[in-house]
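The primary structure of each chain is shown beneath.
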Amino acid sequence: MVDLRFLKGLHMIIKLIKEYFRKEPKVFFTSDTHFYHARVIDYCNRPFKDVYKMNEHMIKVWNKTVKPFDIVYHLGDFSMGKKAHKEVVPRLNGTKILISGNHCPTHVSHKNHLKIQQKYIDYGWAEIYPHTKELILKNGLKVLMSHLPYAKEGFDQRYLNFRPEDKGQVLLHGHLHGRYIKDGNQIDLGWDAHNGKILNEDELIAIINDKRINIKSHLTDFFNEERSKVSEESAD
């Protein structure tokens, strides 16, 4: 009788070998890496002692996942400040496309965002979008990408003037740091929502096709507990 654990291990080894020798480009998605942002460690319960360990870990994961010929859509809040764009972006594999977030000086909410775009392209971004961008996935579905979710999300009611209009289109977004993975037609692609994993296109399509209307992340309960604490403190 064949040991199922052996077969699973063999399957994993074959998968890793195929990925190592892969030549065809893949498309990846992530958001809200927040390089050099010390406060995000506690805010999102990240397992790091300081930003330098966090930065190096994220760079390692990125380059282990993404090959130089792959494409990565980053849905905003790449870092806090300009330092990481100059120091980190050149170290990351892939053709990197930025959908700007509210913490990005290239976001439409910032006064000089158009002037800053060229400087960031010089740092290594292939393309930069100040607000939203549509994308046709390989299954033919046209999705909308934005750092900010639709206004209906119910967790953060800031930046309402910059929220995309909900016309029923699937929205790929960041900003919420894993309050959910999927909520109706909204999918959080952030680093925290997926526990430090950068999703490829097939994994994204699987989430879209999942029949569940709502999919929790590993942080959903953590944020709900924090929200309850704030409510209790406010009531005191």
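Note that the structure is a prediction, hence the values are computed from the model and not measured.

## Let's talk about the pattern of salt bridges
- Considering all chains together, one arrives at 10 salt bridges under this definition.
- For Asp 192, the salt bridge is made with Arg 46, and the minimal N-O distance between the two is 2.7 Å. Of the two residues, Asp 192 is situated in the loop between β9 (186–188) and β10 (199–200) and Arg 46 in the loop between α2 (39–43) and α3 (51–65); the sequence distance between them amounts to 146 residues.
- Residue Arg 46 is classed as buried on the basis of its relative accessible area of 6%.
- In this structure, the salt-bridge partner of Glu 56 is Arg 91, at a minimum N-O distance of 3.0 Å. In this pair, Glu 56 is assigned in helix α3 and Arg 91 in the loop between α4 (83–87) and β3 (95–99), connecting sequence segments 35 residues apart.
- According to the relative accessible area criterion, Glu 56 is partly exposed, its value standing at 39%.
- You can call Arg 91 partly exposed: its relative accessible area is 41%.

## Describing the sheet that holds strand β1 (residues 27–30)
- Judged by pairing direction, the sheet is mixed, and its 5 strands sit side by side in the order β4-β3-β2-β1-β10 without closing on themselves. Where the open sheet ends on each side, the last strands, each with one partner, are β4 (127–129) and β10.
- Bridge count between strand β2 (residues 71–74) and β3: 4 bridges; the pairing is parallel. If you follow Tyr 73 over to β3, its bridge partner there is Ile 97.

## Side note on the nonpolar core
- Counting 30 residues, the largest nonpolar core has Phe 35, Met 54, Trp 62, Phe 78, Val 88, Leu 92 and Trp 125 as its most contacted members.
- Of all the secondary-structure elements, those providing two or more residues to this core are α2, α3, α5 (113–123) and α7 (220–235).
- Beyond its immediate sequence surroundings of up to four residues, Met 54 is in contact with His 34, Tyr 36, His 37, Val 40, Ile 41, Arg 46 and Phe 48.
- Ranked by size, the runner-up nonpolar core spans 21 residues in total, among them Leu 137, Val 170, Leu 189 and Ile 215.

Conventions adopted
- Residues numbered from 1 in each chain as written.
- Predicted model: local features only at pLDDT ≥ 70, side-chain atom pairs only at ≥ 80, totals over all residues.
- Heavy atoms only, no water.
- Salt bridge = Lys/Arg side-chain N within 4 Å of Asp/Glu carboxyl O.
- Helix = DSSP H or I, 4+ residues; strand = E, 2+ residues; numbered from the N terminus.
- Buried < 20%, exposed > 50% of the residue type's maximum accessible area, 1.4 Å probe, protein only.
- Pairing = 2+ DSSP bridges.
- Core = buried A, V, L, I, M, F, W, Y, C linked by side-chain atoms within 4.5 Å.
- Contact = heavy atoms within 4.5 Å.

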